[in-house]
Amino acid sequence: MVLGVGVATLAAWFVWFGIGRVSVYETSQQARLEADAAPREISSLQSGRLVASQLQIGRAVRAGEILAELDASAETLRLREEQERVRLNPGKIEALRNQMSALRLAAGNDRRSAEAAIEAAEARLREATAAAEFANDNARRMRTESENGGIAEIDALRAASDASKLLAQRDALSAETRKLGLDAESRTRESEARIEELNRTLATLESDTEAARALVSRLKLEIENYRVRAPVDGIVGETQALAPGAFVAQGQKLATVVPSGGFLIVGAFNPATSLGRVRPGQHARLRLDGFPWAQYGTVDARVLRVAGEIRDNTLKVELAPESYDESGLVLRHGLTGSVEIEIESASPAMLLLRSAGQAVGLTPASASAPLRTAEASR
């Protein structure tokens, strides 16, 4: 009976040894848990004296939150000055435009008044010209009659004198008319010159306002550069030991923010045994150095990406964590451990042949590669 049981057990073992399947794992040389997004360094865009700092290791931050601030008092005062110019200039511009409108209106009224005065002067001139011509003809006729003895010589002389007076009045009116025209033209040119001067002042003010607006925008940007903001949501991973009052140089690294979100497992594998055998989609598990797996368990993962070239004699593999015991394990950026990737399943007989160097249907390199079985990994 005992012999039969032993023979049956041995036969079952041989069957399992020949056709049974066990998992084959490839173990990383090293592995590290990293944030899904790369950590972001925070640097100062300007140099200056530190006036405020909210940089504490482990502090949760939001994107855009001010973490440190440098002294920008000079730029702030200049900004207020330019903002005041921008605020006051529109009133000055409006006053100039109103003044120009009033000048144009006054110039138009003066022009129309001058035209009316000139027309009146021209009418008086025409009247004086007609009277002078009549008086001149009358004096010539009376002089002729006086020579013929028809009238007294004194009457002819009196007529000639009256004609001379009327001619003088005509000439005076003609000069006055020309003077009115010249005065009107002079006042028009003076108004135009004043309007042109105001127009230049207006253009200068408008240009100055635009320049002030541009300067305000630039000063706001400069002042913003004195503030150090969080680039992403996350946790402050490391900081420089700086207290308010310390000098910060331009480009100086102040802290590192580890983005919040998911994690990524980055493992370094032996390329001789993993290149071509580790592929995306394969199941894996992570054992953390700081959390003994017998107590805390492991982190199940799945291969995401495999590097296309070897660097520093290692093959980089990225894996995505899938499930773990959240009550025991606490995942944090920077935790180290080791990763085991299930690369295939094979029979114990095949594994024995590989270990003996008798490759069956596999390359010599893979036949001589050290492999771990599911039993050895447990």
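Residues numbered from 1 in each chain as written. Predicted model: local features only at pLDDT ≥ 70, side-chain atom pairs only at ≥ 80, totals over all residues. Heavy atoms only, no water.

A. Broad picture of helix H2 (residues 73–147). A rise of 1.5 Å per residue sets the reference length of H2, with its 75 residues, at 111 Å; its end C-alpha atoms lie 106 Å apart and thus fit the reference within 8%. Leu 88 marks where H2 bends most, by close to 30°; the proline Pro 90 follows one to four residues later. (Helix = DSSP H or I, 4+ residues; strand = E, 2+ residues; numbered from the N terminus. Expected span 1.5 Å × (residues − 1). Bend = angle between axes of the 7 residues up to and from the residue.)

B. The arrangement of the environment of Glu 75 in detail. By secondary structure assignment, the location of Glu 75 is in helix H2. Taking C-alpha positions, Glu 75 is 6.6 Å from Ile 223, a pair spaced 148 residues apart along the chain. Setting aside chain neighbours within four positions, we find Glu 75 in contact with Leu 219, Glu 222, Ile 223 and Tyr 226. (Contact = heavy atoms within 4.5 Å.)

C. Molecular detail of the nonpolar core. In terms of nonpolar packing, the biggest core is built from 21 residues, with Ile 265, Leu 286, Val 317, Leu 319, Val 339 and Ile 341 touching the most fellow members. Put simply, the parts of the chain that give this core at least two residues each are strand E2 (30–35), strand E11 (263–269), strand E12 (283–288), strand E13 (299–306), strand E14 (315–323) and strand E15 (336–346). Judged by nonpolar contacts, the second largest core, of 17 residues, contains Leu 55, Leu 67, Tyr 226 and Val 236. (Core = buried A, V, L, I, M, F, W, Y, C linked by side-chain atoms within 4.5 Å. Buried < 20%, exposed > 50% of the residue type's maximum accessible area, 1.4 Å probe, protein only.)

D. Quick look at the environment of Arg 111. Positionally, Arg 111 belongs in helix H2. You can call Arg 111 partly exposed: its relative accessible area is 40%. Taking the C-alpha atoms as reference, Arg 111 lies 8.4 Å from Glu 185; in sequence the two are 74 residues apart.

E. Looking closely at the pattern of salt bridges. The full count for this structure, using the stated rule, is 28 salt bridges. The residue Glu 82 makes a salt bridge to Arg 85 at a minimum N-O spacing of 2.9 Å. Placement of both Glu 82 and Arg 85 in helix H2 is noted, with a separation of three residues, approximately one turn of the helix. Two residues, Asp 183 and Lys 179, come together in a salt bridge whose shortest N-O distance is 2.8 Å. In this pair, Asp 183 and Lys 179 both sit in helix H3 (residues 153–225), four residues apart, roughly one turn of the helix. (Salt bridge = Lys/Arg side-chain N within 4 Å of Asp/Glu carboxyl O.)

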